[in-house]
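Chain and residue survey
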Amino acid sequence: MASMSYSAVRNSSFPATVSVPDKSRGGVNDGFSFRTGKYVSRNCTARGLTVTNVATPVTVPLPAAAPSWEKEKSSSSWNHVAWTSVRQERWEGELIVEGDIPLWLNGTYLRNGPGLWRIGDYDFRHLFDGYATLVKLHFENGRLIAGHRQVESEAYMAAKKNKKICYREFSEVPKPDNFLSYVGELANLFSGASLTDNANTGVVKLGDGRVVCLTETQKGSIVIDPDTLDTLGRFEYTDTLGGLIHSAHPIVTDKEFLTLLPDLVHPGYLVARMEPGSNERKVIGRVNCRHGPAPGWVHSFPVTEHYVVVPEMPLRYCAQNLLKAEPTPLYKFEWHPDSKAFVHIMCKASGKVVASVEVPLFVTFHFINAYEEVDEDGRVTAIIADCCEHNADTTILEKLRLKNLRSFNGEDVLPDARVGRFTIPLNGNPNGKLEAAVEADEHGRGIDMCSINPNYLGLKYRFAYACGAQRPCNFPNTLIKIDLVEKKAKNWYEEGAVPSEPFFVPRPGATEEDDGVVISMISEKSGGGYALLLDGSSFEEIARARFPYGLPYGLHGCWVPKK
């Protein structure tokens, strides 16, 4: 039986108020049904597609929109719904579907991300500061039920109660009432008590079925119910590994959970594994940093069938910046190009570091995949690791400030990015390569928020899905399918749309790598939004379903198959 170790955070009850009325009395209002009663199905045409599955919402109590969340202050008249706080704490209902949802697609897509950037009269600075908004798309027999809810972390509940920030977020620090409270807050920082548990980065389904929202602080691991989106409690690690931070993107399969734990005192990384049903991480091995005052930021990392790839980026953690009350240019990090960049390869079975090579300087948030290159005798000669690489340019962090995202005036200000391919030799050569795997113009010189067919994790693969760029832009605004063999990309784009991570769900029993669907959620400049399904092979639209109102931009998701 799976372990269910977590501590209570809080569950709230909400008033039964629907914030958007049904004006039509026939069940459909701006592409959405608010009518109660029996399920109704209709067919009509829209945009050349067949509209099916018009249905009533699930009868869940809905709150009125909180007035203080409705509008963020902005110096610009251009304020895209992607960068505006979610209108209410929770909502759930069934959507009208334009097109065809494949009948084999049965399960729930969950997407996590920052969705509330205003508390009281205070506007947050950075995209990554926002309190977590969990969104679900539940597919069953061609129907689609959607919903969203705030993750009830201690940080969110305290801010909601006190109308101010109470924990240290990505760029935000609570304002002390006096010097003594500032000293006390610093003491809590060293113990981790003042760090946020705002789990706004990702969401994963563990091998035992538990679903956990994550961020980079270890305390920000929160168990949720994938059906109701209720916050169940904090995921408590039962080991004694300690530390305050970990990789926001562990490698999670039905068989294991792999993570990296940066060591800020003795610069290096612990590579740890956790078995399904357990809350105990066990160390596989340790990697010592080659250079630098601290470990490089490890937001994500890849694995192959037999190895863990540990990147050492020159964008390094900085304890001094962490202590400061105001954000520095690189927030909790510092750029140390003189410390160089490295990639380390650790054997999963033995914990032995089999290669540690210098590579060109790089900046990446997200690795795409990695695999082993073998010779004709089957011996592994090199590790290939692909990532969304920002041309060693750290300005991408500054571009993600909310004032920059909200002030787009048509200028092309998104920093260039590419599919960066590392080649790490295992023959003792001290140097590895970093090259573009695809010509960057294929995807508009912008790429991030990637996914692959999960059946190809750690194996040689051909296709990747990500967000790209249609220039001019200030943020990735297209969905792309990249063919790493043909070195070509297919693009999906709509004017004024900001798409979230394209998530690939393979068709059960499929034999082709790209046989499946790609799910994304689209935020529109007009204030609306919709769920989008693309065919994984042709990359053409097969269905969309409009939300009753636009949702803010989200980050990463997971798939929970129907039980």
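All figures in this text were calculated on a predicted structure; none of them were measured in a lab.

What the protein contains, in helices and strands, is 5 helices and 38 strands. Taking all 563 residues of the protein together, 59% fall into the buried category. If you take every contact in the protein between residues at least 6 apart in sequence, the share linking residues at least 24 apart comes to 63%. Counting every atom, the protein has about 22,400 Å² of accessible surface; 51% of that belongs to carbon and sulfur.

Counted under the stated rule, the structure contains 21 aromatic pairs. Ring geometry for Tyr465 versus Phe504: centroids 5.2 Å apart, planes at 10°, classification stacked. Taken together, the residues Tyr465 in strand 30 (residues 463–468) and Phe504 in strand 34 (residues 503–506) connect sequence positions 39 residues apart. Comparing Tyr465 with Phe504 shows no difference in burial state: the two are buried. Put simply, the rings of Phe128, Phe170, Trp297, Tyr317, Tyr331, Phe333 and Phe365 touch in pairs and so form one group of aromatic residues.

Once that is clear, we can look at the pattern of salt bridges. In this structure the tally under the stated criterion is 35 salt bridges. Here Glu256 ties to Lys348 by a salt bridge, and the two come within 3.8 Å at their closest N and O atoms. Here Glu256, found in the loop between strand 16 (251–252) and strand 17 (257–263), pairs with Lys348, found in the loop between strand 23 (341–347) and strand 24 (353–359); they are 92 residues apart in sequence, far enough to count as distant. The burial state of Glu256 is the same as that of Lys348; both residues are buried.

The next subject is the environment of Pro174. With respect to the helices and strands, the residue Pro174 is situated in the loop between helix 1 (154–162) and helix 2 (179–191). By relative accessible area, Pro174 is classed as buried at 14%. Residues Pro174 and Lys164 lie 10 residues apart in sequence; the distance between their C-alpha atoms is 7.8 Å.

Turning to the pairing of strand 31 (residues 478–483), a few remarks are in order. The buried count for strand 31 comes to 6 of 6 residues, which makes it a mostly enclosed element. The two faces of strand 31 match: Thr478, Ile480 and Ile482 on one face and Leu479, Lys481 and Asp483 on the other face are all buried. Here strand 30 runs beside strand 31; their pairing, made up of 6 bridges, is antiparallel. The residue bridging Gly468 from the neighbouring strand is Thr478, located in strand 31. Sheet topology places strand 31 next to strand 32 (residues 488–492); 5 bridges connect them, and they run antiparallel. Pairing of Ile482 across the sheet is with Ala489, part of strand 32. The turn linking strand 31 back onto strand 32 is made up of 4 residues, and Lys487 within it adopts a positive phi angle of 60°.

It is worth spelling out the confidence of the model for the protein at this point. Per-residue pLDDT for the protein averages 87, and the proportion of residues at 70 or more is 83%. Considering only residues more than four positions removed or in separate chains, one finds that residues 1–70, a stretch of pLDDT under 50, has 185 contacts. Under a pLDDT of 50 for its full length, residues 73–77 has, in the predicted model, 8 contacts with residues more than four places off or in other chains.

What follows deals with the sheet that holds strand 24. Pairing in this open sheet of 3 strands is antiparallel, and the strands run 20-23-24 from one edge to the other. In this open sheet, the two edge strands, each paired with only one partner strand, are strand 20 (307–312) and strand 24. Taken over all neighbouring pairs, the strand axes of this sheet differ in orientation by 15° on average, direction set aside. Where strand 23 meets strand 24, 6 bridges bridge the pair, whose relative direction is antiparallel. What sits directly across from His344, in strand 24, is Ser356.

Following the UniProt record, one finds the feature "binding site: Fe cation" (unreviewed entry) at His249, His299, His366 and His556. What stands out for the annotated residues spanning 308 residues is how close their C-alpha atoms remain, the widest pair being 12.5 Å apart. Along the chain, the position of His366 falls in strand 25 (residues 364–374). Aside from chain neighbours lying at most four places away, what touches His366 is His249, His299, Ser300, Cys387, Cys388, Asp448, Met449, Cys450 and His556. By the element assignment, His556 lies in strand 38 (residues 556–561). Residue His556 is classed as buried on the basis of its relative accessible area of 7%.

This part is about the nonpolar core. Counting residues in hydrophobic clusters, the biggest one holds 86 residues, and the most contacted among them are Trp83, Tyr131, Leu397, Phe422, Ile424 and Trp492. The next biggest cluster of nonpolar side chains, apart from the first, holds 25 residues, and it includes Val86, Val97, Tyr549 and Leu551.

For helix 1, the complete set of buried residues consists of Ala155, Tyr156, Met157, Ala158 and Ala159. Taken together, the buried residues of helix 1 touch strand 7 (114–116), strand 8 (118–119), strand 10 (131–140) and strand 11 (143–150). In the segment just after helix 1, Lys163 is the residue with positive phi, at about 60°.

Next up on the list: the sheet that holds strand 31. Pairing is antiparallel across the open sheet formed by 4 strands, whose spatial order is 29-30-31-32. Every other strand in the sheet has two partners, leaving strand 29 (448–451) and strand 32 as the edge strands with one partner each. With strand direction ignored, the average angle separating the axes of adjacent strands in the sheet is 25°. Taken together, the 2 bridges between strand 29 and strand 30 define a ladder with antiparallel strand orientation. Looking at the pairing, Asp448 lines up with Cys467 of strand 30.

With respect to the helices, strands and loops of the structure, Glu94 is situated in strand 4 (residues 90–94). You can call Glu94 buried: its relative accessible area is 2%. Polar contacts involving the side chain of Glu94 include one to the side chain of Arg143, which spans 2.7 Å.

Let us look at the side chain of Lys332. When you line up the elements, Lys332 lands in the loop between helix 3 (319–323) and strand 22 (333–335). Aside from chain neighbours lying at most four places away, what touches Lys332 is Glu169, Phe170, Ser171, Arg316, Tyr317, Cys318, Asn321 and Leu322.

With that settled, consider unusual backbone geometry. Cis geometry is adopted by the peptide bond preceding Pro472, which originates at Arg471 and carries an omega value of -5°. Residue placement: Pro472 occurs in the loop between strand 30 and strand 31. Residues other than glycine seldom take positive phi values, yet Lys163 does so here, at roughly 60°. One can find Lys163 in the loop between helix 1 and helix 2. Residue classification places Lys163 among the exposed positions, given a relative accessible area of 51%.

Analysis parameters
Per chain, the residues get numbers from 1 upward, laid out in the order the sequence is written. It should be noted that, the model being predicted, local features are given only for residues of pLDDT at least 70 and side-chain atom pairs only at 80 or more, the latter also being counted only at that level, while totals for whole chains, interfaces and linings use all residues. Water and hydrogen atoms were dropped before computing side-chain values, which therefore reflect all heavy atoms in the structure. Per the convention used, a helix needs a DSSP run of H or I reaching at least four residues, while a strand needs a run of E reaching at least two, with both numbered from the N terminus. Burial classes: relative accessible area under 20% of the type maximum marks a residue as buried, over 50% as exposed, and values in between as partly exposed (1.4 Å probe, protein chains only). Note on contacts: a residue pair qualifies if any of its non-hydrogen atoms lie within 4.5 Å across the two residues. Accessible surface area values rest on a Shrake-Rupley calculation with a 1.4 Å probe, where residue burial reflects the displayed protein chains alone. Each Phe, Tyr or Trp ring (for Trp, its six-membered ring) is paired with any other whose centre lies within 6.5 Å, and the angle between the two planes then decides the class: stacked below 30 degrees, edge-to-face above 60, tilted in between. We define a salt bridge as a contact between a side-chain nitrogen of Lys or Arg and a carboxyl oxygen of Asp or Glu at a distance within 4 Å. Pairing between two strands requires that DSSP report at least two bridges joining them. The quantity known as pLDDT measures the predictor's confidence residue by residue, on a range of 0 to 100. Only the contacting stretch of a helix is used when fitting its axis, a line to C-alpha atoms as for every element, and angles between N-to-C directions run 0 to 180 degrees. UniProt positions are given in the numbering used here, feature names are shortened, and annotations may be inferred rather than shown by experiment. Residues enter a nonpolar core if they are buried and are Ala, Val, Leu, Ile, Met, Phe, Trp, Tyr or Cys, with the set joined through side-chain atoms within 4.5 Å. Counted as a polar contact is a pair of N or O atoms within 3.5 Å, where, for protein atoms, one must be capable of donating a hydrogen and the other of accepting one, and residues adjacent in sequence contribute only when both atoms are in side chains.

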